[in-house]
Amino acid sequence: QLTMSLNSSTLLNEEKSQGPKRTSECLESLELQTSSSFQDNPLQQLQLASQEVLEKAKKSGRSKCPRCSSSRMFYCYTCFVPVETVPTKEIPTVKLPLKIDIIKHPNETDGKSTAVHAKLLAPDDVTIYKYPCIPEYKEKRHEIALVFPGPNSVSVKDIAFHLQKYSKKGVCDKDNDCGREPLLKHAKIEPKEEEENLNECITNNRGEGTRLKKIIFIDSTWNQTNKIITDERLQGLLQIELKTRKTCFWRHQKGKPDTYLSTIEAIYYFLVDYHQEILKENYKGQYDNLLFFFSFMYTLIKNAKCCAGKE
């Protein structure tokens, strides 16, 4: 699943309808859970900014969007801004190592999308497009990749290797003789030798940064993705698959593996892997705040379900 949904007012009303006593009992029950149960929830380990502003907003209820004046909870999912009770200065800002394009399915309900979280928290690096209005990527496919599972998808650690093959100048920018055509087309080069040469070029160019400049995500339910993924403007792009992460999303579609992530989860986990595998740097929570809203809503919904006797 690539999207998330949350009817905030319904959930909060459910929580309030149970009464203070029920809520208190529920919270006490949550506090008594064993540490082993929390180990199954990676959200517990996040290094997040204070969520006190969201706690206050939850108590005060829905508020107006400063731009369109619509009544919203926490943020406006059409204007991509926090509501009046959530001051922008109290929302963390995350700087990303590359640009992100999110392609949103036209039938996907705005209020159900976690893509908004990325735009709110990394406004300078994230752009959301509503399909079919998307950019042309063909001319820059040597520096762009698409996160989507498929038979030809590769892991994050293999991005640099595969993008080298997409470059019009070949695998080596420093040497014109090396850059006239992709190394794969050179005659009389054994596969092992090819990989060694390519890895050497990648190593030599690492100081200049990886070729990847933009990553694309599709924001849609899995049943709606076919129309977007088969669009000719996305054909020929390197596809990346996140195979080892499990979703914490509370509206996971039945019949889908738990490695199918919500949009904001996919963005977050991709960046963590990218930071470690491509940038070769230790991860110290630099992108954790991308889950600022997601983690808060996860806890809110978990508590609401507990209080409603669903857990």
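Taking an unreviewed UniProt entry as the reference, the protein chain is identified by name as tRNA-uridine aminocarboxypropyltransferase 1 belonging to Phaetusa simplex. Per its UniProt entry, the protein chain bears the Sequence similarities (unreviewed entry) comment "Belongs to the TDD superfamily. DTWD1 family."

Colleague: Kindly report on the overall build of the protein chain, identifying the contributing residues and their values.
Modeller: Broken down by element type, the protein chain carries ten helices and nine strands. Sorting the 311 residues of the protein chain into buried and exposed places 48% on the buried side. When contacts within the protein chain are restricted to residue pairs at least 6 apart in sequence, those whose partners lie at least 24 apart make up 75%.

Colleague: Which residues make up the packing of aromatic side chains, and what values do they have?
Modeller: Scanning the model with the defined rule gives seven aromatic pairs in all. Residues Tyr-75 and Phe-293 carry aromatic rings whose centres are separated by 5.2 Å and whose planes lie at 70° to one another, so their mutual orientation is edge-to-face. With a gap of 218 residues between them, Tyr-75 in strand 3 (residues 75-76) and Phe-293 in helix 10 (residues 292-307) connect regions that are remote in the sequence. Accessibility classification places Tyr-75 together with Phe-293 in one group, the buried group. Between Phe-292 and Phe-293 the ring centres are 5.3 Å apart and the planes differ by 85°, which places this aromatic pair in the edge-to-face class. Grouping residues by exposure puts Phe-292 and Phe-293 together as buried. Positioned over the ring face of Tyr-77 is Arg-72, at 4.1 Å from the centre of the ring.

Colleague: Which residues make up the packing of helix 4 (residues 52-60) against helix 10, and what values do they have?
Modeller: Packing of helix 4 against helix 10 brings their axes to within 11 Å, and their N-to-C directions diverge by 50°. Between helix 4 and helix 10, the angle falls in the class oblique. Like other packed secondary-structure pairs, helix 4 and helix 10 cross with a definite hand, here right-handed. Mapping the contact onto sequence places Val-53, Leu-54, Glu-55 and Lys-58 in helix 4 and Phe-292, Phe-293, Phe-296 and Leu-300 in helix 10. Partitioned by chemical class, the residues of the contact of helix 4 with helix 10 number six nonpolar, no polar and two charged.

About the thresholds
- Residues numbered from 1 in each chain as written.
- Predicted model: local features only at pLDDT ≥ 70, side-chain atom pairs only at ≥ 80, totals over all residues.
- Heavy atoms only, no water.
- UniProt positions renumbered as here; feature names shortened; annotations may be inferred.
- Helix = DSSP H or I, 4+ residues; strand = E, 2+ residues; numbered from the N terminus.
- Buried < 20%, exposed > 50% of the residue type's maximum accessible area, 1.4 Å probe, protein only.
- Contact = heavy atoms within 4.5 Å.
- Phe/Tyr/Trp six-rings, centres within 6.5 Å; stacked < 30°, edge-to-face > 60°.
- Lys NZ or Arg CZ within 6 Å of the ring centre and 35° of its normal.
- Axes fitted to C-alpha atoms, helices over the stretch in contact; angles between N-to-C directions.
- Parallel < 35°, antiparallel > 145°, perpendicular 65-115°, else oblique.
- Left-handed = near helix turned anticlockwise from the far one by under 90°.
- Nonpolar A, V, L, I, M, F, W, Y, C, P; charged D, E, K, R; others polar.

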